[in-house]
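Remarks on the overall topology
These are the residues of each chain, in order.
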Amino acid sequence: MRSGSTQRIFQLKFDALTGVSEWVVVEGDDDGSSVDLATTSYLDMLNDSRRNTAYRQAIDKTVTRPCFVLDIGAGTGLLSMMAARAMGSADCTVASDDKGRVVACESYLPMAKLMRKVVHSNGMARNIHVINKRSDELKVGVDISTRADILVSEILDSELLGEGLIPTLQNAHDELLVDNPDTVPYRAVTYGQLVESSFLWRLHDLYSNDICASDGIRLVPTERSSILSVKPQQYPMHCDPLQEELKLLSEPFKIFEFDFWKRPSSHGEAEILVEAATNGSVNAVLSWWVLQLDKEGTVYYSTAPKWIKLLQTEFPGNGNWCDHWKQCVWFVPGKGLSVSKGENIQLLAVHSDTSISYSLRVESQRTKKEHIIRKDDFQLTLSPEKIATYSDDNWRHYVSLALQNAIDLLAGEPFYYGSETCLPWKNLRFWKERTRLEGILSKEAIVIPCKGILRACAMFLPDLWKSRCSLAYIEEFNHSVANTILGACGNLPSPQEGPMLPFFVWQSGESKELSERWTLMEFDFSKPMSSCSGKAKVKFTRTGICHGFVLWIDWVLSAENDIVVSTGPDHRQWKQGVKLLKTPVAVSSQDHMSSDDFHSVEMEASFDSANGDLMIQYVFV
């Protein structure tokens, strides 16, 4: 909403304990500090030095004269400042026709506010004009004086298209750019590979796992095999940790090519003949993209997994871990497509404005049904992690054991996320709901789960820590004003502390446990919800560098404490909470005593039942 010079946006705020969502207003005169961007990918993206260097090199090669540069989805203004510096316009007089100036278009008001701070702190406000609008709202003659000569942008997600790349480029070429403009990036190419993986299979095929379950319970009716399933889409996922358990069934193959310098089509199809490299069942199509940033083809960025040796040779510098871009996984329905070595697989890839989908079949099996999910009027879609939980025979066994012989029972399945950004202790909505029922529960009522145990472990997490470091200078541009808003954790000045954030630890780059797993405190579900606290002192069991603590909840399903479902870092379907240190600490076990290292840690935790917040304090000794 805009009214004169006043701007405001509505932001959805979710209370995981109550399940209630509400819209809050961010006023135009707010400095942006009240907006929480800690769980977004902005910080990790700005800490990706390979990305930043590639963009700087391409912009320096492309912006060689005073001209009009348009930056769409400008974020903190990094690319805009690179472009302004490249054409030597930082100290020149701004022309009325936008020549020698950059227009930075950012639709999200809190980011536009932050960008103005960053640009101002770098003394470049005179030559970078920030516009808080969607790019398809810009009008030549109103917002900008002429069409732009050069487009710079970074509106890419792990799938490439999910942030609206195609419609954004279409509008830009139709309304905002000169004919045959220069662009950074210049081109993007998507690649794929067919794989077999029992882990990926368990993430989507509840029907087949249901049949194999030892409890004899069928969650999915035989006549409705797809009634509970994942949504047919590409799922971002770090696949490097799966390398040892993946069976690669094909060589990498090219899928789509998208040129930024010309208007793209809203619909495209690619029919690809893929030869099976070995026998197996195709459970998934893994995909990634390679970005060519300059016209000459000398500057590249790739999201390929580490085992793609060919691409690593062709495009040096690949292979660093980052969280903002991952590979993507498309699940092949059912048990997968059975293939034999040397067989040809017909893969049809289709892209829309915002996504890519696949169907495939063995060429020799022309009558066989294509492996693609069709719409089902009664279909309930679940997340892959939820499907994996219901497919887990151990989890089902534990729940069945807990329910046996229970007559007066209140049961809840609290292993859900209010949203993808929820910390584990934000999943205590079950406790909140159980408290509301206190007046109607009998004294003999059995509550399942009966308690939650908050567990913790000290860990070596170099990649994750680096991605959440506080910002200083990025390609010589000061970004320190962004640290608080973006939720920086590492290298913070005292007494600042970074937030605790949710991550799939198994997907967080290199990791190693440095201590035993310890119990920090317990949540007693047999009683109404209340604030609680706990503390522990734990010795380190390995020598190394501690980057932070990983916290999670183990759910106890029996009063005897003998049936426990863990959501720790070795259980891939759960996110854990991560508290990263401001400064990594050298630690050692008693077996490798060093006077300079710490040998144990003391930690205290307190849980506030009013808002679900968890506070921890720690000291190394």
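Now for a quick tour of the structure. (Residues numbered from 1 in each chain as written. Predicted model: local features only at pLDDT ≥ 70, side-chain atom pairs only at ≥ 80, totals over all residues. Heavy atoms only, no water.)

**Focus on the overall build of the chain**
Within the chain, the secondary structure is distributed over 13 helices and 36 strands. A burial count over the chain gives 53% of its 621 residues as buried. In the chain, the share of contacts with a sequence separation of at least 24, taken over all contacts with a separation of at least 6, comes to 78%. In the structure as shown, the chain presents an accessible area of about 27,400 Å², 48% of it carried by carbon and sulfur atoms. (Helix = DSSP H or I, 4+ residues; strand = E, 2+ residues; numbered from the N terminus. Buried < 20%, exposed > 50% of the residue type's maximum accessible area, 1.4 Å probe, protein only. Contact = heavy atoms within 4.5 Å. Areas by Shrake-Rupley, 256 points an atom, 1.4 Å probe, with all protein chains shown as cover.)

**Some words on a nonpolar patch on the surface**
Together, L403, L409 and I446 line one region of the surface with nonpolar side chains, adding up to about 210 Å² of accessible area. Inspection of the secondary structure assignment puts I446 in strand β24 (residues 446-448). (Patch = residues over 30% accessible without salt bridge, like charges linked within 9 Å, V, L, I, M, F, W, Y side chains within 5 Å. Salt bridge = Lys/Arg side-chain N within 4 Å of Asp/Glu carboxyl O.)

**Section: the packing of aromatic side chains**
Describing an aromatic ring pair means giving the distance of the ring centres and the angle of the ring planes. Tallied over the full model, the rule gives 22 aromatic pairs. Taking 5.5 Å as the distance between ring centres and 45 degrees as the angle between the ring planes, the aromatic pair formed by Y235 and F331 counts as tilted. Here F331 lies in strand β18 (residues 327-331) and Y235 lies in strand β11 (residues 235-237), a separation of 96 residues in the sequence. Looking at Y235, the relative accessible area reads 11%, which means it is buried. Where W289 meets Y301, the ring centres are 6.3 Å apart and the plane angle is 35 degrees; that geometry is what we call tilted. (Phe/Tyr/Trp six-rings, centres within 6.5 Å; stacked < 30°, edge-to-face > 60°.)

**So, the pairing of strand β4 (residues 68-72)**
Across the five residues of β4, five count as buried, placing the element largely inside the fold. Burial along β4 is two-sided: the residues F68, L70 and I72 and V69 and D71 are all buried. Relative to strand β5 (residues 101-105), β4 runs parallel, the two being bridged by five bridges. Along β5, the bridge assignment pairs V69 with V102. Here β4 runs beside strand β7 (residues 148-153); their pairing, made up of four bridges, is parallel. Bridging from a neighbouring strand, V69 pairs with I150 of β7. (Pairing = 2+ DSSP bridges.)

**Notes on the sheet that holds strand β36 (residues 613-620)**
Spatial strand order, β31-β35-β36: three strands in an open sheet with antiparallel pairing. Whereas interior strands pair on both sides, the edge strands pair on one side only; in this sheet they are β31 (532-539) and β36. In this sheet, adjacent strand axes meet at a mean angle of 15 degrees when their direction is disregarded. Bridge count between strand β35 (residues 600-608) and β36: eight bridges; the pairing is antiparallel. Bridge assignment links D608 to a residue of β36, and that residue is D613. (Axes fitted to C-alpha atoms, helices over the stretch in contact; angles between N-to-C directions.)

**Re the sheet that holds β5**
Across the sheet, five strands lie side by side as β6-β5-β4-β7-β8; this open sheet has parallel pairing. Both edges of this open sheet fall to β6 (128-131) and β8 (177-184), since each of them pairs with a single strand only. Each neighbouring strand pair of the sheet contributes to a mean axis angle of 25 degrees, computed without reference to strand direction. With four bridges connecting them, β7 and β8 associate as parallel partners.

**Brief notes about the side chain of D554**
Structurally, D554 is set in strand β32 (residues 544-556). Its relative accessible area of 9% is what places D554 among the buried residues. Of the polar contacts made by the side chain of D554, one reaches the side chain of W552; its length is 3.1 Å. Not counting residues within four places of it along the chain, the set of residues in contact with D554 comprises K451, G452, I453, R455, V564, V565, S566, T567 and G568. (Polar contact = N/O pair within 3.5 Å; in protein donor to acceptor, adjacent residues only side chain to side chain.)

**Focus on unusual backbone geometry**
Cis geometry is adopted by the peptide bond preceding P185, which originates at V184 and carries an omega value of 10 degrees. Within the element layout of this structure, P185 appears in the loop between β8 and β9 (187-196). Of the consecutive residues S494 and P495, the connecting peptide bond is found in the cis state with omega at 5 degrees. Positionally, P495 belongs in the loop between α13 (483-486) and β28 (501-503). At L160, a position not held by glycine, the phi torsion is positive, near 90 degrees. Structurally, the position occupied by L160 is in the loop between β7 and α5 (165-176). Given the relative accessible area of 0%, L160 is considered buried. Phi is positive for N491, which is not a glycine, with a value near 60 degrees.

**Focus on the nonpolar core**
Grouped together as the largest cluster of nonpolar side chains are 92 residues, with contacts concentrated most on L194 and L347. Residues contacting L347, with those up to four places away along its chain left out, are L194, F253, A270, E271, I272, V274, V285, Y358, S359 and L360. (Core = buried A, V, L, I, M, F, W, Y, C linked by side-chain atoms within 4.5 Å.)

**Some points on the pattern of salt bridges**
Close approach of charged atoms allows side chains of opposite charge to pair. As enumerated under the stated definition, the model contains 27 salt bridges in all. Among the salt bridges present, the one from R187 reaches D259, with a minimum N-O distance of 2.6 Å. With R187 in strand β9 and D259 in strand β13 (residues 253-259), this pair connects stretches of sequence that are 72 residues apart. Like D259, R187 is buried. Residues R517 and D570 are paired through a salt bridge, measuring 3.3 Å at the closest nitrogen-oxygen approach. Pair noted here: R517 is in the loop between β29 (512-513) and β30 (518-524) and D570 is in the loop between β33 (564-565) and β34 (576-587), with a separation of 53 residues, a long-range link. Its relative accessible area of 26% is what places R517 among the partly exposed residues. Each of the salt bridges in this network shares a partner with another, and the network as a whole consists of R187, K254, E257, D259 and K262.

These results come straight from atomic positions and should not be treated as a statement about function.
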